[in-house]
Amino acid sequence: MLQASGCSEPVTDTSTKNSIGTKACSANNGDPKTLKYYSLVWKTILNHTRFLSRLDAVISNAFPEHQVYLSSKANKFITQAVAELQENGMPPDKVFLRDQQHHMGNLVFEDLGTFHSDFRKIAQPIVAKHWDWEPVNQDYPQELLDHVLSLYNELTEGTKYVHSKCDNEGNFDNFSSSALQELCVVRYYTGKSCLTSTFPDIFSKCLPASALAFAATAVSFYLFIYF
């Protein structure tokens, strides 16, 4: 017997190509606007959908408009995730999908906000570590303010905060600052939930330029926070 996540009734494992676990729990078990409402298989679909959505954010459109996202991108990502599940021999309930697709789209859209927030949270200590924003030898508020302003101007001049240090001839590598490199490694390549683990064909050989630019926005966000 298989127990669908969050459901009170067990589901029989028939080992056949049917809609095992693809229907949501009853309305008494939750709200379709929340993830806990959905059965294990639908949660699997939504989890893959949010990864497709996050990939689109770093590759194509980081800040989609809500209604446009729901009417086009969300349905596309959900359909793709469902199709991949069907390839594994578990076709979801089409009626349930039709009835709840709007709520699913909203859940995935809300996840983009979480993705942005997590990116910024990871960027904050990295930015603080790589640049000396609060030196211990500054005893007076005005000295600290002058130091922060000077460092801010230095880093933002010519967007130095995303480039490597200049060599003896004044040359530098674009988009290769130590802070930006560390943020990309931590966010794109570290942990089971990183995008590389789901899309190795896109990230394993090289980091897409748009993903690098996405990370740079998080670094610049905290430069303005410190300023």
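Heads up: these notes are all about the structure in this document. Since we're looking at a predicted model, the values are computed, not measured.

Cut-offs applied
Residues numbered from 1 in each chain as written. Predicted model: local features only at pLDDT ≥ 70, side-chain atom pairs only at ≥ 80, totals over all residues. Heavy atoms only, no water. Phe/Tyr/Trp six-rings, centres within 6.5 Å; stacked < 30°, edge-to-face > 60°. Helix = DSSP H or I, 4+ residues; strand = E, 2+ residues; numbered from the N terminus. Core = buried A, V, L, I, M, F, W, Y, C linked by side-chain atoms within 4.5 Å. Buried < 20%, exposed > 50% of the residue type's maximum accessible area, 1.4 Å probe, protein only. Domains from an automatic or database assignment. Contact = heavy atoms within 4.5 Å. Salt bridge = Lys/Arg side-chain N within 4 Å of Asp/Glu carboxyl O.

## Thoughts on the packing of aromatic side chains
- Enumeration over the complete set of coordinates arrives at 12 aromatic pairs.
- Here Tyr38 and Phe96 contribute two aromatic rings whose centre-to-centre distance is 6.0 Å and whose plane-to-plane angle is 70°, an arrangement assigned as edge-to-face. In this pair, Tyr38 sits in the segment before helix H1 (40-59) while Phe96 sits in helix H3 (residues 94-130), placing the two residues 58 residues apart along the sequence.
- Seen from their ring centres, Phe119 and Phe214 are 5.0 Å apart, and the 75° between their planes marks the pair as edge-to-face. Here Phe214 lies in helix H8 (residues 209-226) and Phe119 lies in helix H3, a separation of 95 residues in the sequence.

## Concerning the nonpolar core
- Ranked by size, the top nonpolar core spans 52 residues in total, and within it Val58 and Tyr188 carry the most contacts.
- Looking at this core, the elements with two or more residues in it are H1, helix H2 (66-87), H3, helix H4 (141-156), helix H5 (178-189) and H8.
- Looking at this core, the element that brings in the most residues is H3, giving 11 residues.
- In this structure, this core is formed jointly by two domains, domain 1 (35-122) and domain 2 (133-226), each of which donates at least three residues.
- The residues touching Tyr188, leaving out its near neighbours within four places in the chain, are Val58, Phe119, Leu183, Cys194, Leu195, Thr196, Phe203, Leu207, Ala211, Phe214 and Ala215.

## Some remarks on the pattern of salt bridges
- Here the structure, examined in full by the defined rule, presents five salt bridges.
- Across the salt bridge formed by Asp111 and Arg54, the nearest N and O atoms sit 2.9 Å from each other. One end of the pair, Asp111, is in helix H3; the other, Arg54, is in helix H1, with 57 residues separating them in the sequence. In this pair, the class of Asp111 matches that of Arg54, namely buried.
- Across the pair Lys73 and Asp56 runs a salt bridge whose closest N-O atoms are separated by 3.2 Å. With Lys73 in helix H2 and Asp56 in helix H1, this pair connects stretches of sequence that are 17 residues apart.

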